Protein chains: 2
Amino acid sequence: MSSNTEITPAWHLFLFTLVGACSGLIYTVFKGDGEPLLASLGFSGIAFAATYCMICWLGDAFKRVGFKGRDRSKRDQREIPETMGAVCAVIYLFTMILFLPFPFYEYLVKSTSGGGNRDLTVEETYTGRTLHRFPHNKLGEYLSALLSLQSMAILGVADDLFDIRWRHKLFLPAIAAIPMLVVYYVDFGVTNVVVPFRLQPYLGQLLNLSWGYYIYMALVAIFCPNAINIYAGINGLEVGQSIVVASAIIANDMLYISVPGHPATSAHLLSLYFLVPFLGVSLALWLHNKYPSKVFVGDTYCYFAGMTFAVVGILGHFSKTLLLCFLPQLFNAAYSLPQLLHIVPCPRHRMPKFNPRTGLLHASTATFKSPPRPVIATILRLLSKLRLVQLHEQDGEIVECSNLTAMNLFLVHFGPMREDRVTEWLLGIQVLSCAVGLFVRHQLALWVFPHDNLRFSMGSFMPAAEAV
Amino acid sequence: MSSNTEITPAWHLFLFTLVGACSGLIYTVFKGDGEPLLASLGFSGIAFAATYCMICWLGDAFKRVGFKGRDRSKRDQREIPETMGAVCAVIYLFTMILFLPFPFYEYLVKSTSGGGNRDLTVEETYTGRTLHRFPHNKLGEYLSALLSLQSMAILGVADDLFDIRWRHKLFLPAIAAIPMLVVYYVDFGVTNVVVPFRLQPYLGQLLNLSWGYYIYMALVAIFCPNAINIYAGINGLEVGQSIVVASAIIANDMLYISVPGHPATSAHLLSLYFLVPFLGVSLALWLHNKYPSKVFVGDTYCYFAGMTFAVVGILGHFSKTLLLCFLPQLFNAAYSLPQLLHIVPCPRHRMPKFNPRTGLLHASTATFKSPPRPVIATILRLLSKLRLVQLHEQDGEIVECSNLTAMNLFLVHFGPMREDRVTEWLLGIQVLSCAVGLFVRHQLALWVFPHDNLRFSMGSFMPAAEAV
C-alpha cells in the first residue's frame with residue numbers, strides 16, 4: 001500500500017532551485033559579515049524543502065509502525081499517516097542547531113579576524129579567540145529554548161504513541177518548559193513586571209512577582225500548546241492557525257527591529273530566529289495537511305507549535321502581546337471549560353460531525369445521560385437563546401447540546417458547511433483577530449501603561465520594563 | 001497479559017527510604033552552601049528509584065505499542081518489553097535539568113545573599129544579581145551536552161521504531177553530536193593538542209588540528225555508541241558494560257578532584273555530574289535487564305550510554321583516557337570489521353546460538369554462499385589455527401565460520417556456556433581491562449607525554465594541554 005503523497009517533477013524543480021538559492025544565501029552570509037537574519041531565511045527555505053520531501057518519503061514508514069488515522073470527515077475514510085508534526089519538529093530542531101553559529105558569528109569574526117579592535121578592554125585568550133565579549137547568556141537562552149522544544153516534541157510523540165489521558169497531557173507542556181524555566185532562574189532571574197499606569201500609586205512602578213513570575217511563565221507554556229491542541233480537528237486548522245499566529249508575531253518583531261537602536265531589538269531578533277524556520281517547516285506541513293489532508297499532524301505538532309510560541313513569548317518578554325494573537329484560542333478554551341471541567345458531558349472527540357450524504361460538516365453534540373441540574377439547564381437555555389449553543393430537548397428536559405468548541409459554535413451560527421470552507425473562515429477570523437490584537441497592543445496600550453514599548457525613548461529605558 | 005515485573009513490598013520500602021533520604025540530602029545542599037556533588041548523589045538516588053518503578057509500570061504500555069521482543073536464548077522464548085532505554089534516557093535528562101541550578105548555585109548565592117563580597121570588581125546589575133562572574137560558558141557546555149544526549153535518545157527510539165539500516169544507523173550518533181560540536185565551535189574553539197614527547201622536535205609542543213579536531217570529536221561520538229551497540233545480544237551485557245565503564249571513569253574523576261586545586265578539577269566535576277546520575281538510572285535498568293531479562297534495553301540504551309561517555313570524554317577533554325576504558329569494545333569492533341565490511345558474510349543477528357536441549361550458548365555461525373576468495377580463506381585458516389575463529393569445512397572449502405564478535409570468540413575458546421556465566425565473564429574482562437587502561441593512563445603515559453595530567457604542576461599549567 002503506497003502513500004498517495006508523491007513529489008511531482010515541477011515540485012522537484014522548485015525544491016532544487018529553492019535549496020540551491022538558500023545554500024547560496026547561507027554561504028554568502030558565512031563568507032561576508034552578513035546579517036544572521038538572511039542566513040535564517042536561507043535555513044528556513046532548506047527546512048521547508050526538507051520537510052516537504054521527508055513527509056512524502058516517510059508516510060509509509062509511519063503508517064507501518066502505527067502512526068496512522070482515518071479521516072472521519074471524508075466519504076472514503078481512508079487511512080493516512082499521522083504524527084507528521086514529529087518530522088517538522090526534528091527538522092526544525094536540526095535547522096536551529098545548524099543555524100546557531102550565525103547569530104553569534106559577529107562575535108567570533110570580530111575577535112578572530114584581528115581587524116578593527118573597537119573594544120580595547122577585550123581580553124585575548126590563549127587561543128586567539130575572545131571569550132569575554134561573547135554573549136554567553138544569549139547562548140544559554142537559545143540552548144534552553146531548544147531543550148524545551150525538543151522535550152515537547154518527545155512528549156508529543158509519547159502522547160501520540162501511548163494516548164495519554166486528558167488530565168495528564170494537560171501538564172506535558174509544563175514538564176517540557178522546565179529546561180527553559182530552570183535556565184531562566186539560573187541565568188537571569190528578572191521577575192519584575194511593569195505595573196499598569198493607574199495602579200502605580202498603590203504598587204509602585206515595578207512589581208517583583210518572585211515565584212509568581214515562574215508560575216506565570218509555566219501557565220503561558222501550558223496554555224499555548226493546549227490551546228492549539230483543543231482548537232483542532234478539521235483539515236489544516238492546526239497548522240493554519242499556527243502559520244497565522246507565527247506571521248503576526250513576525251510582523252510585530254519586524255516593527256521593533258525596524259526602529260534603529262531600539263532596546264528590545266535583540267529580544268525580537270531572537271524571536272525572528274525561532275519563528276522564521278518554524279514558518280518554513282509549518283508551510284511545508286500545511287501543503288500536505290490542507291483540505292483534503294494527505295497526512296495528519298498529530299498532537300506532536302500542536303504541542304510543538306504552541307511551545308515555540310511560548311518560548312519566544314517568554315524569552316522575548318512579550319507574552320502579553322503573544323496572548324493577544326491567541327484571541328480565538330482563548331475564546332475556544334474559555335468556551336470549552338464547561339466540558340473540560342465535566343460540568344457538561346464531554347465525549348472523547350468533539351470535532352464536527354460529517355454527513356456523508358450532503359458532504360457537509362454539522363455541529364456535533366454531547367448527550368446528557370441524566371438531565372442537567374436546574375441551574376446548568378437555565379444557563380444552557382439562556383445561551384441557546386443567544387445562539388451560543390444548540391440544544392435538543394425532549395419532554396422539557398435537555399438531552400443533547402452542541403459540543404462547546406468554537407468550531408461547533410461557528411456551525412451552529414452559520415449552518416452546515418463544507419470542511420474546507422470552515423477552515424477558511426476560521427483562519428480568516430484568526431487573521432482578523434491577530435490584526436486587532438496587535439492594534440490593541442500598540443494603540444491602546446497607552447491607556448494602561450505609561451508608554452508603548454515601540455516608542456520607548458532611549459533615555460527612560462529600563463530593561464525590567466519588558467519583563468512581561 | 002500482565003507484565004511479570006512487579007515491585008515487591010520490600011522494594012517499595014527500600015525505594016521509599018531511598019527517595020526520602022535523597023530528598024533530605026538535596027534539601028540540605030539547597031539550604032546550606034553545600035557541595036553540588038552531594039546534590040548529584042541525591043538526584044541519582046531518586047533517578048534510580050524513578051527508573052526502577054517506571055520500568056515496572058510502563059512494561060505493558062510499551063508492549064502494547066509494539067516495543068517488545070522475544071528472548072531467543074530462553075526455552076520459553078516469551079515476549080518482553082523492549083526499548084526500556086528510552087525510560088532511562090527520559091528520567092536521566094529530566095534529572096540533569098532539575099540538577100542544573102546546583103553546580104551554578106554558588107554563583108547565585110554569593111551574588112544574591114550579599115554577604116562576603118570577595119570579588120570587588122563584581123558588576124552589580126539592576127536586579128541585584130551578578131551576571132558577570134556567572135560561568136556562562138560552563139552553562140553552554142552543559143546545555144549542549146543535554147541537547148546531544150536528548151537528540152541521541154530521539155534517534156535511538158526512531159531506530160528501535162523504524163529499524164533503520166546498519167549503514168545509516170552508524171551515523172546517527174554523528175547527527176546527535178552536532179549540538180555539542182556546534183556549541184564547542186561557537187564557544188571554545190580550542191583545537192590544540194599536546195604533541196607526544198618524542199614527536200615534539202618535529203611538530204612543536206602544541207599542534208592545532210583545526211577542523212581535524214572536530215572530525216576527531218565526531219569519530220569519538222560515532223565510536224562509543226556503536227561500539228556498545230555491537231557488543232550486545234545477551235542478557236545484561238549492554239547495561240553491565242556501561243556500568244563498568246561509567247564506574248571506571250568515575251574512579252578516574254575522583255582521582256583528579258582529590259588533588260586540591262588541580263587545574264582539571266572543573267572538567268572532572270562536570271564528568272561526575274553527568275556520570276553519577278547515569279549510573280543511577282543504569283543500575284535500575286540493570287536490575288530488570290540482568291539474567292533472566294524481564295525487559296530489553298533496545299538500541300536506545302546503547303546509543304544513549306555511548307553518547308553519555310562521548311559527551312563527558314569530549315567536554316572533559318579526556319577522550320583518550322575514555323578509549324582506554326573501551327578496550328573490549330575496541331577489540332570487538334576491530335574483530336567485527338571483516339563482517340561489517342562484508343568481506344565475510346554478515347547475518348542480521350550475530351548473537352550466540354541457544355541450544356534448548358543443553359540450555360547453553362554456542363558460538364553462532366555465518367554461512368558462505370560461495371567459497372571465500374583464496375586470500376580470505378588463507379587468513380581465516382590462519383586465524384582458525386590461532387583459535388581466533390571456528391571454521392566448518394566441506395570438501396576442502398570453507399562453508400561456515402563463527403561470527404566475528406568477542407562473545408562468539410569467547411565461546412569458541414571456552415566452549416558452550418550458560419548465558420549468565422558468559423555475561424559474568426565478559427563483564428569481568430571489562431573490569432580488568434578498565435583497570436589496566438587506567439593504569440596505563442597514569443603510569444605509562446609519562447613515556448609519551450612530558451607529564452601525567454594528574455601530577456601536573458600548577459606553574460606549568462596550560463589549558464590547551466588537556467585538549468585531547
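Residues numbered from 1 in each chain as written. Chains lettered and ligands numbered in written order. Predicted model: local features only at pLDDT ≥ 70, side-chain atom pairs only at ≥ 80, totals over all residues. Heavy atoms only, no water.

1. Section: the overall build of chain A
Logical step 1: Secondary structure summary: chain A contains 17 helices and nine strands in total.
Logical step 2: In chain A, which comprises 468 residues, the proportion classed as buried is 55%.
Logical step 3: Of all intrachain contacts in chain A linking residues separated by at least 6 positions in sequence, the fraction that spans at least 24 positions is 72%.
Logical step 4: Entry remark: accessible area of chain A is about 20500 Å², with carbon and sulfur atoms responsible for 65%. (Helix = DSSP H or I, 4+ residues; strand = E, 2+ residues; numbered from the N terminus. Buried < 20%, exposed > 50% of the residue type's maximum accessible area, 1.4 Å probe, protein only. Contact = heavy atoms within 4.5 Å. Areas by Shrake-Rupley, 256 points an atom, 1.4 Å probe, with all protein chains shown as cover.)

2. Overview of the pattern of salt bridges
Residue and element names in this part refer to chain A.
Logical step 1: Taken as a whole and judged by the stated rule, the model has 22 salt bridges over all chains.
Logical step 2: A salt bridge links Arg70 to Glu79, with the nearest nitrogen and oxygen atoms 3.7 Å apart.
Logical step 3: You can call Arg70 partly exposed: its relative accessible area is 47%.
Logical step 4: A relative accessible area of 25% places Glu79 in the partly exposed class.
Logical step 5: For Lys74, the salt bridge is made with Asp71, and the minimal N-O distance between the two is 3.0 Å. Comparing Lys74 with Asp71 shows no difference in burial state: the two are buried. (Salt bridge = Lys/Arg side-chain N within 4 Å of Asp/Glu carboxyl O.)

3. Some details on helix α3 (residues 85-99) of chain B
Logical step 1: The terminal C-alpha atoms of α3(B) lie 21 Å apart, and with 15 residues this matches the ideal 21 Å at 1.5 Å per residue to within 8%.
Logical step 2: When we look at burial in α3(B), the residues that qualify are B:Gly85, B:Ala86, B:Val87, B:Cys88, B:Ala89, B:Ile91, B:Tyr92, B:Leu93, B:Thr95, B:Met96, B:Ile97 and B:Phe99. (Expected span 1.5 Å × (residues − 1).)

4. Digging into the packing of aromatic side chains
Given two aromatic rings, one states the distance between the centres and the angle between the planes to describe the pair.
Logical step 1: The full count for this structure, using the stated rule, is 60 aromatic pairs over all chains.
Logical step 2: Seen from their ring centres, A:Tyr92 and A:Phe278 are 6.3 Å apart, and the 85° between their planes marks the pair as edge-to-face. With A:Tyr92 in helix α3 (residues 85-99) and A:Phe278 in helix α11 (residues 265-289), this residue pair connects regions lying 186 residues apart in the sequence.
Logical step 3: Residues B:Phe223 and B:Phe326 carry aromatic rings whose centres are separated by 5.9 Å and whose planes lie at 65° to one another, so their mutual orientation is edge-to-face. Residue B:Phe223 is found in helix α9 (residues 211-230), and its partner B:Phe326 is found in the loop between α13 (319-324) and α14 (327-340); the two are separated by 103 residues along the sequence.
Logical step 4: Taking relative accessible area as the criterion, B:Phe326 reaches 0% and is therefore assigned buried. (Phe/Tyr/Trp six-rings, centres within 6.5 Å; stacked < 30°, edge-to-face > 60°.)

5. Examining the environment of A:Arg357
Residues and elements named next belong to chain A.
Logical step 1: Secondary-structure assignment places Arg357 in the loop between β5 (353-355) and β6 (360-362).
Logical step 2: On the basis of relative accessibility, which here comes to 69%, the residue Arg357 falls in the exposed class.
Logical step 3: C-alpha separation for the pair Arg357 and Trp166, spaced 191 residues apart in sequence, amounts to 33 Å.

6. Regarding the side chain of A:Ser433
Logical step 1: Checked against the element boundaries, A:Ser433 lands in helix α17 (residues 419-444).
Logical step 2: What A:Ser433 contacts, discounting residues up to four positions off in sequence, is A:Leu324, A:Leu327 and A:Pro328.

7. Digging into the confidence of the model for chain A
Residues and elements named next belong to chain A.
Logical step 1: Summarising the model, chain A shows a mean pLDDT of 85, and 86% of its residues fall at 70 or more.
Logical step 2: Below a pLDDT of 50 lies the segment residues 110-133, which in the model reaches 29 contacts outside its immediate sequence neighbourhood of four places, other chains included.
Logical step 3: Overall, residues 456-468 carries pLDDT values under 50, and its contacts beyond four positions in sequence, including any with other chains, amount to 32 contacts.
Logical step 4: The complex prediction reports pTM at 0.87, with the ipTM value standing at 0.85. (pLDDT = per-residue confidence, 0-100.)

8. Let's talk about a nonpolar patch on the surface
All names here are of chain A.
Logical step 1: On the surface, a nonpolar cluster with roughly 340 Å² of combined accessible area is contributed by Leu337, Leu340, Leu341 and Ile343.
Logical step 2: Residue placement: Leu337 occurs in helix α14 (residues 327-340).
Logical step 3: Leu337 gets classed as partly exposed once you look at its relative accessible area, which sits at 40%. (Patch = residues over 30% accessible without salt bridge, like charges linked within 9 Å, V, L, I, M, F, W, Y side chains within 5 Å.)

9. Considerations on unusual backbone geometry
All names here are of chain A.
Logical step 1: Residue Pro292 is bonded to the preceding Tyr291 through a cis peptide linkage, with omega at -15°.
Logical step 2: With respect to the secondary-structure elements, Pro292 resides in the loop between α11 and α12 (298-315).
Logical step 3: Located in the positive-phi region is Asp395, a residue other than glycine, with phi close to 55°.
Logical step 4: In this structure, Asp395 sits in the loop between β8 (391-394) and β9 (397-402).
Logical step 5: According to the relative accessible area criterion, Asp395 is exposed, its value standing at 79%.

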